[in-house]
Number of protein chains: 2
Amino acid sequence: MTRVLVVEDEPQIVRALVINLKARRYEVDAAGDAATALELAAARHPDVVVLDLGLPDMDGVEVIRGLRGWTRVPIIVLSARHSSDEKVEALDAGADDYVTKPFGMDELLARLRAAVRRAEPVAGGGEEEVVVETDGFLVDLAAKKASRAGRDVRLTPTEWHLLEVLVRNTGKLVSQKQLLQEVWGPSYGTETNYLRVYMAQLRRKLEADPSHPRHFITEPGMGYRFEK
Amino acid sequence: MTRVLVVEDEPQIVRALVINLKARRYEVDAAGDAATALELAAARHPDVVVLDLGLPDMDGVEVIRGLRGWTRVPIIVLSARHSSDEKVEALDAGADDYVTKPFGMDELLARLRAAVRRAEPVAGGGEEEVVVETDGFLVDLAAKKASRAGRDVRLTPTEWHLLEVLVRNTGKLVSQKQLLQEVWGPSYGTETNYLRVYMAQLRRKLEADPSHPRHFITEPGMGYRFEK
DNA sequence: CCGAGCCTTGACGCCTCCTTGACGGACGCC
DNA sequence: GGCGTCCGTCAAGGAGGCGTCAAGGCTCGG
């Protein structure tokens, strides 16, 4: 299902958007300010963001920059400002589209469909593997299920998130900073103790011999790597 | 250079667009009708299409469909029609953006930049040469993996950094000062002993005969050079 | 209101990596 | 032929990174 993050501080507009989006089978998260928006974006990985520029706590363009620091998720800007400069600034900061209020719901939804569509992976080539199997354990990212030696293993949300990033980059080194920012959010980049704790938990739950990991490999000073 | 295909039948608008685009170093093709547009698109493979819906010979939406049959090139629609239905139809047919006339040139150009930007290759799609192979060893800079004779070789962060600088300048001489400053920082320029130690380690880990290096070559008094 | 997970945070021991010094060989200059 | 310079090699020390454990606080559901 497509996940939409709505960032808007006017409750009526939020309500209208949420109702319309849910009716069309989108999964919707909503944030009323910039801080919550950035947090939710990091936690939920939306497929598209609808962003009002007039937020109470931060300039909307800063939100765009904050998102663009780590993700290419499509951003559709909503704004009451008609000025050309505002549009240019938002678009050049990394927005994908700019819709002025008042807006027609049909048009917004069409623009949203267009944004989601073009972000889709190319047919055929974009099929990503969601089930990963190693000699010791099995992970199904889509079903959020993991098992070792036939027995189901329970993972916490953070553990899943971390595992997901590693598995999506199977064989490639993922830097500590990238892991931290993708799992904990853009403002985290140095708290490597989080990584140490959660890597240990993943290993304890999935590796046959947690103290001699064969799949979750540490590259000292650089990051971690998942190997089948 | 970015190539733009302008599809528009009003000569003044064509002229304004062409002048503005060329001034910004875009390469511009122009078509006055749908047939020419489809032909030019096929022949020239533009990076983005600016498409007026009001063409003399064919409905603009048909042009969108015609293009979408074989390409995902970004399409920005220009139209005098403000109706919501028109926008929805064009966007759902495959357009990326919809700008109503009269339009501001700044805004159009910003939307064009946005369209081009997001069409840019994703990391991994825009093949930069990151895998280097010699007769004796193999280096993957993106995955941070190196192997010799089929066996993985572990390199430390500093070793990677040094290797990266050398590989990026394959065949070219890199001065000691440049290496020191790129790897150890701007304030290091004379500590050539660091280089000696780390070049030795790279050779020991990657060269078949470390004492007679064939790929990491010393240019006495000047610097080092990496050769495939 | 209580309890169960879950996330955060701190402490500690081990291990890796970077730095640094010493030594020997090759080469060129005097 | 002696000397100085530059480079390669080796080993030891210290600093910082990493794995591990456990306690505290938070949120959510009962």
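Residues numbered from 1 in each chain as written. Chains lettered and ligands numbered in written order. Predicted model: local features only at pLDDT ≥ 70, side-chain atom pairs only at ≥ 80, totals over all residues. Heavy atoms only, no water.

Another aspect to go through is the domain arrangement of chain A. Residues and elements named next belong to chain A. The domain boundaries assigned to chain A delineate domain 1 (3–119) and domain 2 (131–226). Put simply, the middle of domain 1 and the middle of domain 2, counted by C-alpha atoms, are 31 Å apart. With 5 residues of domain 1 at the contact, the number on the domain 2 side is 4 residues. Here domain 1 packs against domain 2, burying approximately 430 Å² in sum over the two surfaces, 62% of which is carbon and sulfur. Considering only the surface of domain 1 that becomes buried against domain 2, Ala42, His45 and Trp70 emerge as the three largest contributors, covering 81% of it. Remark: the boundary between domain 1 and domain 2 carries 0 salt bridges. The tally of links between domain 1 and domain 2 comes to 1 residue pair in polar contact (both at pLDDT 80 or more). Here the residues of the side of domain 1 that touches domain 2 sort into 3 nonpolar, 2 polar and no charged. (Domains from an automatic or database assignment. Contact = heavy atoms within 4.5 Å. Buried area = accessible area lost by both parts, 1.4 Å probe. Salt bridge = Lys/Arg side-chain N within 4 Å of Asp/Glu carboxyl O. Polar contact = N/O pair within 3.5 Å; in protein donor to acceptor, adjacent residues only side chain to side chain. Nonpolar A, V, L, I, M, F, W, Y, C, P; charged D, E, K, R; others polar.)

Here helix H6 (residues 157–168) of chain B contains 12 residues, and its C-alpha end-to-end distance of 16 Å stays within 8% of the 16 Å for a straight helix at 1.5 Å per residue. Burial in H6 of chain B covers these residues: Glu159, Trp160, Leu162, Leu163, Val165, Leu166 and Val167 of chain B. (Helix = DSSP H or I, 4+ residues; strand = E, 2+ residues; numbered from the N terminus. Expected span 1.5 Å × (residues − 1). Buried < 20%, exposed > 50% of the residue type's maximum accessible area, 1.4 Å probe, protein only.)

For the rest of this paragraph, the subject is the protein's contact with DNA strand C. In the vicinity of DNA strand C there are 17 residues, among which Arg154, Thr158 and Tyr194 of chain A together with Thr158 and Tyr194 of chain B approach most closely. Within 4 Å of the protein, the contacting atoms of DNA strand C are drawn from sugar and phosphate to the extent of 85%. Here threonine 158 of chain A contributes a side-chain N or O atom positioned 2.3 Å from a phosphate oxygen of DNA strand C. Here the surface near DNA strand C is built from residues that sort into 11 nonpolar, 4 polar and 2 charged. (Near = heavy atom within 4 Å.)

Every one of the 19 residues lining DNA strand D counts as a neighbour, but Arg203 and Thr218 of chain A together with Arg203, Thr218 and Gly221 of chain B are closest to it. In DNA strand D, atoms within 4 Å of the protein come 56% from sugar and phosphate. At 2.8 Å, a side-chain N or O of tyrosine 224 of chain A approaches a phosphate oxygen of DNA strand D. Contacts to DNA strand D include arginine 203 of chain B, whose side-chain N or O atom sits 2.8 Å from a phosphate oxygen. When residues of the surface near DNA strand D are traced back to their parent elements, those giving at least two are helix H8 (192–206) of chain A together with helix H8 (192–206) of chain B. Per-element tally for the surface near DNA strand D: the top contributor is H8 of chain B, with 4 residues.

Residues and elements named next belong to chain B. With antiparallel pairing, the 4 strands of this open sheet are ordered in space as E6-E7-E8-E9. The outermost strands of the open sheet, each flanked by one partner alone, are strand E6 (131–133) and strand E9 (151–153). Between one strand axis and the next, the sheet turns by 20° as a mean value, whatever way the strands run. Direction of pairing for strand E8 (residues 145–148) relative to E9: antiparallel, over a ladder of 3 bridges. Bridging across to E9, arginine 148 finds its partner in arginine 151. Where H6 meets the sheet, its contacts fall on E6, strand E7 (137–140) and E8, and the angle it forms with E7 comes to roughly 95°. Those strands touched by H8 are E7, E8 and E9, and its axis lies near 60° from that of E8. (Pairing = 2+ DSSP bridges. Axes fitted to C-alpha atoms, helices over the stretch in contact; angles between N-to-C directions.)

Next up on the list: the packing of aromatic side chains. All names here are of chain A. Counted by the stated rule, this structure contains 12 aromatic pairs over all chains. Geometrically, the ring pair formed by phenylalanine 137 and phenylalanine 226 is tilted, given 6.5 Å between the ring centres and 55° between the ring planes. Of this pair, phenylalanine 137 sits in strand E7 (residues 137–140) while phenylalanine 226 sits in strand E12 (residues 223–226), placing them 89 residues apart in sequence. Ring geometry for phenylalanine 216 against phenylalanine 226: centres 5.3 Å apart, planes inclined by 50°, an arrangement best described as tilted. (Phe/Tyr/Trp six-rings, centres within 6.5 Å; stacked < 30°, edge-to-face > 60°.)

Residue and element names in this part refer to chain A. Running from N to C, helix H6 (residues 157–168) and helix H7 (residues 176–184) point in directions that differ by 135°, and their axes come no closer than 9 Å. Judged on the interaxial angle alone, H7 and H6 are oblique. For the pair H6 and H7, the sense of crossing is right-handed. In this structure, H6 uses Thr158, His161, Leu162, Val165 and Leu166 to contact H7, whose residues at the interface are Leu179, Glu182, Val183 and Trp184. (Parallel < 35°, antiparallel > 145°, perpendicular 65-115°, else oblique. Left-handed = near helix turned anticlockwise from the far one by under 90°.)

Listed as interface residues are 31 residues of chain A and, on the opposing side, 30 residues of chain B. Summed over both sides, the interface between chain A and chain B buries roughly 2,600 Å², with carbon and sulfur atoms accounting for 44% of that surface. It is Arg72, Arg118 and Met222 of chain A in chain A that bury the most area against chain B; as a group they hold 20% of the surface buried on that side. Counting across the chain A and chain B interface gives 10 salt bridges. With a shortest N-O distance of 2.7 Å, arginine 113 of chain A and aspartate 92 of chain B are connected by a salt bridge. Looking at the side of chain A that touches chain B, the elements that each hand over two or more residues are helix H4 (84–93), strand E5 (97–100) and helix H5 (105–119) of chain A. For the side of chain A that touches chain B, the element with the most residues is H5 of chain A, which contributes 8 residues.

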